Amino acid sequence: MSLINALIPSLGRLPARRQGSAQADLGPTVKPVYEIKETDDAYGVTVHLPGVSKDGLEITAGPGEFRLVGRRAWKQPEGWTSLYRESNDATYELVLTHDNAINADQIAAELRDGVLRVSLPKAEAFKPRKIAVS
Amino acid sequence: MRIVRYTYPAYRSPATLLGRLSQSPWSGLESEIDRLFENALSSFADPATASNFPVDLYEDKDNTYVRAELPGVTRDDINVEMVEDYLTITASRKTTEAEGEQSFSLSRSVNIPEEVQADKVSAAYENGVLTVTLPKREETKPKKITVAVK
């Protein structure tokens, strides 16, 4: 492990503070697993957010930015002792930047069983269109 | 794809306390290097397709609990089995894409440290997290015996 850490220092060190963080009151955050797919009409973002309920999810679409904050709904009840942990309790945060080619009014999101599917429709002007040749 | 550029979320590290002054002059370079490795190593550790999933183990007075993060699986596809000391969780995640249906199998075995009543194991799935409750055997529970002293 120390060899790996020596080769890839990013694995062993605490992440430096990144620029562009608007919210500092979230505490430690983790980047969720996500996937982006593109079709002609929209971008589809699939984010894995195990443990986040609908109430704990916050999606903000700012200019050129798509921000997602997921707070975990479950807290360790009193009397429970943790014997072994692999997951962590940190809030999920995902910030994606885009070039404003998105129709922010028609963003649709669905959360089911810990998986969030967001569809970001492309703005009309950016959709591919066929041009008839006369 | 033009949407993909990821901007890093806020981390709270000890450096945060000192504010921007303490920000490493190399943090820009660091994040570039991190991104390089993230891209290069992502195929080894992509949790979406890995067959492993994180598992937590808790206990209280009466029960042992196993919590597994299994986002996006259907309840019917979750199988929980108890064989001797091992709890095995198998699940499959199906995703429907334009190209067709994809299915990933997930499986994990956890050694349960205490003896449990295997016939009374129950499980619940909520928000993508599976919680398995394993009641402890009566003999293994701590017992309080009051002895009258004459």
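Preceding this section is the structure that the text describes.
What counts as what
- Residues numbered from 1 in each chain as written.
- Chains lettered and ligands numbered in written order.
- Predicted model: local features only at pLDDT ≥ 70, side-chain atom pairs only at ≥ 80, totals over all residues.
- Core = buried A, V, L, I, M, F, W, Y, C linked by C-beta atoms within 7 Å.
- Buried ≥ 20, exposed ≤ 12 C-beta atoms within 10 Å, placed from the backbone.
- Helix = DSSP H or I, 4+ residues; strand = E, 2+ residues; numbered from the N terminus.
- Contact = placed C-beta atoms within 7 Å.
- Pairing = 2+ DSSP bridges.
- Axes fitted to C-alpha atoms, helices over the stretch in contact; angles between N-to-C directions.

Chemist: Quick question: what am I supposed to make of the nonpolar core here?
Modeler: Within soluble globular proteins, side chains that are nonpolar generally end up buried alongside one another. Counting residues in each nonpolar core, the largest one holds 17 residues, and the members touching the most others are V45(A), V47(A), L49(A), L94(A), L116(A) and L120(A). Going through the elements one at a time, β3 (42-48), β5 (65-72), β7 (91-97) and β9 (115-121) of chain A are the ones with two or more residues in this core. Here L49(A) is in contact with P32(A), G70(A), Y92(A), G114(A), L116(A) and P71(B), once residues within four sequence places are set aside. Core analysis: the next-biggest nonpolar cluster, separate from the first, contains 15 residues, A91(B), I112(B), V116(B) and V132(B) among them.

Chemist: Quick question: what am I supposed to make of the sheet that holds strand β2 (residues 33-38) of chain A here?
Modeler: Sheets are built from strands paired through backbone hydrogen bonds, the pairs being either parallel or antiparallel. Residues and elements named next belong to chain A. The strand order across the open sheet formed by 4 strands is β2-β3-β9-β8, and the pairing between neighbours is antiparallel. Edge positions in the sheet fall to β2 and β8 (108-112), since each has one partner strand and no second. Averaged over all pairs of adjacent strands, the angle between strand axes in this sheet comes to 15 degrees, irrespective of strand direction. Strand direction decides the pairing type here: β3 and β9, joined by 7 bridges, are antiparallel. By the bridge assignment for β9, H48 is matched with V115.

Chemist: Honestly, the sheet that holds strand β6 (residues 81-84) of chain A in this entry has me stumped. Any pointers?
Modeler: Taken in spatial order, the 5 strands line up as β6(A)-β2(B)-β3(B)-β8(B)-β7(B) in an open sheet, and their pairing is antiparallel. The two strands at the open ends of the sheet, each matched to only one other strand, are β6 of chain A together with β7 (122-126) of chain B. Put simply, the sheet's adjacent strands are angled 25 degrees from each other on average, direction ignored. Where strand β2 (residues 55-59) of chain B lies against strand β3 (residues 63-69) of chain B, 5 bridges are found, and the strand directions are antiparallel. Of the residues in β3(B), the one forming a bridge with D56(B) is R67(B).

Chemist: I tried to follow the pairing of β2(B) on my own but got confused; where do I start?
Modeler: Consecutive residues of a regular strand have side chains that alternate between opposite faces of the sheet. Judged from the 3 bridges that link them, β6(A) and β2(B) form a sheet pairing that is antiparallel. Directly across from S82(A), in β2(B), lies its bridge partner Y58(B). Taken together, β2(B) and the strand that follows it, β3(B), pair antiparallel across an intervening segment of 3 residues.

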